[in-house]
Each structure stands twice: as C-alpha cells, then as structure tokens.
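# Chain and residue survey
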Amino acid sequence: MRGKKILLAVTGSIAAYKAAFLVRLFIKAGAEVKVIMTNNATQFISALTLSTLSKNPVYSEIIDSDAWNDHVGLGLWADVMIVAPATASTLSKMAMGNSDSLVVAVYLSAKCPVFFAPAMDRDMWLHPSTRGNIEKLLSYGNRMIDAEEGELASGLHGIGRMAEPDTIFDRINFFFRKKKDLASKKVLITAGPTFEPIDPVRYIGNRSSGKMGKALALSAANRGAEVYLVMGPSAESVNGPNIRVFRVGSANEMYETTRELASGMDVLVFAAAVSDYSPAHYTPEKMKKVNDTLTIELKKNVDIALSLGQDKRKNALHIGFALETNNAEAHALGKMNKKNFDMIVLNSLRDKGAGFQHETNKITIYTNDGEKRVYDLKSKSEVAEDIFDTLVEKFLT
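Residues numbered from 1 in each chain as written. Predicted model: local features only at pLDDT ≥ 70, side-chain atom pairs only at ≥ 80, totals over all residues. Heavy atoms only, no water.

### Things to note about the overall build of the protein
- Along the backbone of the protein there are 13 helices and 23 strands.
- Relative to its length of 397 residues, the protein is compact, with a C-alpha radius of gyration of 23 Å against a globular reference of 21 Å.
- With the C-alpha coordinates aligned to their principal axes, the bounding extent of the protein is approximately 70 × 50 × 40 Å.
- Going through the 397 residues of the protein one by one, you find that 51% of them count as buried.
- When contacts within the protein are restricted to residue pairs at least 6 apart in sequence, long-range pairs at least 24 apart make up 67% of them.
- Surface summary for the protein: the accessible area is close to 18900 Å², and the carbon and sulfur share equals 48%.
- For the protein, the centre of its 49 positive side-chain charges and the centre of its 45 negative side-chain charges are spaced 3 Å apart. (Helix = DSSP H or I, 4+ residues; strand = E, 2+ residues; numbered from the N terminus. Rg over C-alpha atoms; globule rule 2.2 N^0.38 Å. Buried < 20%, exposed > 50% of the residue type's maximum accessible area, 1.4 Å probe, protein only. Contact = heavy atoms within 4.5 Å. Areas by Shrake-Rupley, 256 points an atom, 1.4 Å probe, with all protein chains shown as cover. Lys, Arg positive; Asp, Glu negative; His and termini not counted. Charge placed at Lys NZ, Arg CZ, Asp CG, Glu CD.)

Written out as structure tokens, the structure is:
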C-alpha cells in the first residue's frame, strides 16, 4: 500500500471515532491519507485529531474561511475513496446526487473506486429506503464493506455496526494487491437475458437483469483485463475505459457475436440467461386475439456455452453459471462436465436474495479439479471479486 493515495470521508455517526484508528493503519502501511468530514462528523471526532494523524489538513466545508476547498481536485487526487462511517443520510445523498456537503460533492467528482462502510441502527439498516439506496450505489459500481452484527449505540444488538478498522484496512489492502492480476488478459462476458420475438410486440424472455454480468465486467476491468461484454436487452448500462459493450437481442444474435469474439479471448464467462427456446415461426404483424387459447411452436436455440466449449481454444478458460431450483449440485456438476467448463458458479432461486433482479447473490463455486467453495450472501460486486479471485488462484498463478 506504500505510496497509495487514500481519501477517507467521515460522516456523522458515533463510529466516527474509529476513523482515527483507520488513518493510523493506512499511515503505518505507507499510504498518503487525506480526510474530509461532514459537519455532523466533527461533533464526534475533531478535525484536529484526524489532521494530526494524517499529516494533512482536514476539510468539512466546500467554502471555508472565504476559501474554496477544491472538491474536484480531491476527487481526482485519490487512488481510492472510502466513506467510513457512512450514515443512512449520507448514503441517501450519495445515491441521489444531493451534493449539499463536501463529502458528497467530492464523491460525485471522484474518478477512483469508492468504498462505503455503513453504520446505523438495526431498523435503519433494514428499512426499505436504506436497502434501496445501497442497491443503487452498488449499481453505480461502488463497493460496500458490509455492516457487522453487534452492540449498537442504541443499546440494542443487531446488524448495522460499522466494520472494524482492521477489516476495512484488509479489504483496501487486498484491493490494491490484486488490482492488476488480470492485466494483459482478454475476458469475454455474456450477460443479461435474451428476447425471442413472437411478433413485433411480444417475445419470450426471462427475468435476468444483467446485474451479475455488469459486476463481472467492472471487476475484470478494475483488475486490468480488456473486457468484451456481450449484453442482451438489459436496462443496465456499463461504462469503462477497458470495457467494450456489444448489445444483442436474441439468443442467436448473442451466439453469433460471442462466436466471432471467442477466438481471441483468454477467459470466457457465460453469465447470460439465454433463452433455451424461441418461436419456430415469427409473425411479422401483431397477432390479434382470436381464440381462447393460443399454441406457439418452439424450437431449441443453440447452446452457446456448449458450442464454444466443444471448440475450446487451448489455454482458454471457460466459466459457466447454473441457476437451479432442485438437485442444484448435481445439475451444476453435470453442466460443468458437459460444457467443458473449468469453473461453474451455482446459485439457487431457493436462497433469499440470490438470482435474478437482486443486487446480491449467494454462490457456490466448483472447479474441474473437484474443489468446492461456498460463500455467504454478498453484493454482486463482491461475488464477482470472489469468482475472479478463484480463477486467478486456481488457473493463473
């Protein structure tokens, strides 16, 4: 971590006192630290304390003593920004872009990865508005350092306690250590659903949102890969200097695009929920309601992962996904063998918070040497990190 530039944003929670310990950990590791605060945070810990420890001025106002504190410059200076503690109020303002504080103004200007460590009481943590704000922040590509369970300021015991400084430090240290472990690699990722047209209005599809594929693309790009994202008709948007996005509609379009790109790839990740069947006959005009029932003949679509697995390039690595509802492990292992995967990621619709539409997922990873790794429910950005951590550890080191 030596020489890294850490921007720590402290907001108005009782957990703000932990910022002093966090600053010391970063300084001891050789990082350069700058601290910004909300006005409420200064009620819990003094700017003087954090300035002394960081050896840099601490700011809490955009305009301070007739001087303008350059929030844009601070956002561009940092290698990473950490909001810790991140209160429910600040999370809401970050999610909505409400820049009424220096912290949010800097956040909106930051070009670096942003981590946030929530801190609040249990009921605030579980409230739907807080959950929605967190999901929105994660969808922007921010990374959450999960709140922990323990004694809270209210005297209650539950979830909402800010992660300990050691935990936050370890997470940031790990981020820097692995950041470029996919450098020089070309990674192809399929994502989202496919829509199989019945007529100009109707289609056959599924509930996939593309969120997992987006998280994988951002993770691979952050780790230095050149990413090619083949995305079906998803509402998600993905941007990044190392990410090229190819938009497709149907399973056949996804197959053709993926097949054309595959020969130059080092890693292929089949995360899309591809429709297994499509209408055998397309009706060019909108169908009218005529009878009480309607029969649509379906034909089987090409299995993209199977087809490319049969023509797998030497030294290329293939990662598959399996979304199951029953006999999950057996189905996943069967799919890994049949489609020539090096790894397969299993998630079950029976696990709350996993699968389609969620910002979270709960996975088990199987590798072709028989290893099994089980993970708890995490944000999809963290799940993506776990997947590439396993890939690098097992096949690239």
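### Side note on the packing of helix α9 (residues 211–222) against helix α13 (residues 380–395)
- At their nearest, the axes of α9 and α13 sit 8 Å apart, and the two run at 55° to each other. Put simply, α9 runs oblique to α13. Considering the relative orientation of α9 and α13, their crossing is right-handed. Within the contact between the two elements, α9 uses Lys-211, Met-212, Ala-215, Leu-216, Ser-219 and Ala-220 and α13 uses Lys-380, Ser-381, Val-383, Ala-384, Glu-385, Ile-387 and Phe-388. (Axes fitted to C-alpha atoms, helices over the stretch in contact; angles between N-to-C directions. Parallel < 35°, antiparallel > 145°, perpendicular 65-115°, else oblique. Left-handed = near helix turned anticlockwise from the far one by under 90°.)

### Concerning the sheet that holds strand β14 (residues 243–247)
- Read from one edge of the open sheet, eight strands run β14-β13-β10-β15-β18-β19-β21-β22, paired in mixed fashion. Pairing within the sheet leaves two strands with one partner each, and these edge strands are β14 and β22 (372–374). Direction aside, the axes of adjacent strands within the sheet are offset by 15° on average.
- Across the sheet, helix α12 (residues 328–338) touches β18 (317–324), β19 (343–348), β21 (364–367) and β22, and the angle it forms with β19 is around 150°. (Pairing = 2+ DSSP bridges.)

### Side note on the pairing of β18
- In terms of residue burial, β18 counts as a mostly covered element, since seven of its eight residues are buried.
- Inspection of the sheet shows strand β15 (residues 267–270) paired to β18 by four bridges, in the parallel sense. Across the sheet, Leu-268 pairs through a bridge with His-318, a residue of β18.
- When β18 meets β19, the two strands line up parallel, connected through six bridges. Following the sheet pairing, Ala-322 is matched in β19 by Leu-346.

### Overview of the pattern of salt bridges
- Applying the stated criterion across every chain yields a total of 22 salt bridges.
- One salt bridge connects Glu-393 with Arg-373, and the closest N-O pair in it is separated by 2.9 Å. One end of the pair, Glu-393, is in helix α13; the other, Arg-373, is in strand β22, with 20 residues separating them in the sequence.
- Note on Glu-393: relative accessible area 48%, which makes it partly exposed.
- A salt bridge links Asp-386 to Lys-378; the shortest N-O distance between them is 2.8 Å.
- With relative accessibility at 11%, the residue Asp-386 sits in the buried group.
- Bridged by salt links that share partners, the residues Arg-143, Asp-181, Arg-223, Glu-385 and Asp-389 form one connected network. (Salt bridge = Lys/Arg side-chain N within 4 Å of Asp/Glu carboxyl O.)

### Some remarks on the environment of Trp-77
- Its place among the elements puts Trp-77 in helix α3 (residues 71–77).
- Each C-alpha atom, one on Trp-77 and one on Lys-111, is 8.8 Å from the other, the two residues being 34 residues apart in sequence.
- With residues up to four places along the chain from it excluded, the contact list for Trp-77 reads Lys-5, Ile-6, Leu-7, Glu-32, Val-33 and Lys-34.

### Examining helix α5 (residues 102–109)
- Taking burial as the measure, the eight residues of α5 include seven buried ones, the bulk of the element.
- When we look at burial in α5, the residues that qualify are Leu-102, Val-103, Val-104, Ala-105, Val-106, Tyr-107 and Ser-109.

### Comments concerning the side chain of Lys-214
- Take Lys-214: it is sitting in helix α9.
- With a relative accessible area of 10%, Lys-214 lands in the buried category.
- Here Lys-214 is in contact with Ser-139, Glu-236, Ser-237 and Val-238, once residues within four sequence places are set aside.

### Remarks on the packing of helix α4 (residues 88–96) against helix α7 (residues 128–139)
- At a closest axis distance of 9 Å, the pairing of α4 and α7 adopts a crossing angle of 45°. As summarised for this structure, α4 and α7 are arranged oblique, according to the angle between their axes. Judged by the twist between their axes, the crossing of α4 over α7 is left-handed. Here Ala-88, Leu-91, Ser-92, Met-94, Ala-95 and Met-96 of α4 come into contact with α7, specifically with Thr-130, Asn-133, Ile-134, Lys-136 and Leu-137.
- A class-by-class count of the residues in the contact of α4 with α7 yields seven nonpolar, three polar and one charged. (Nonpolar A, V, L, I, M, F, W, Y, C, P; charged D, E, K, R; others polar.)

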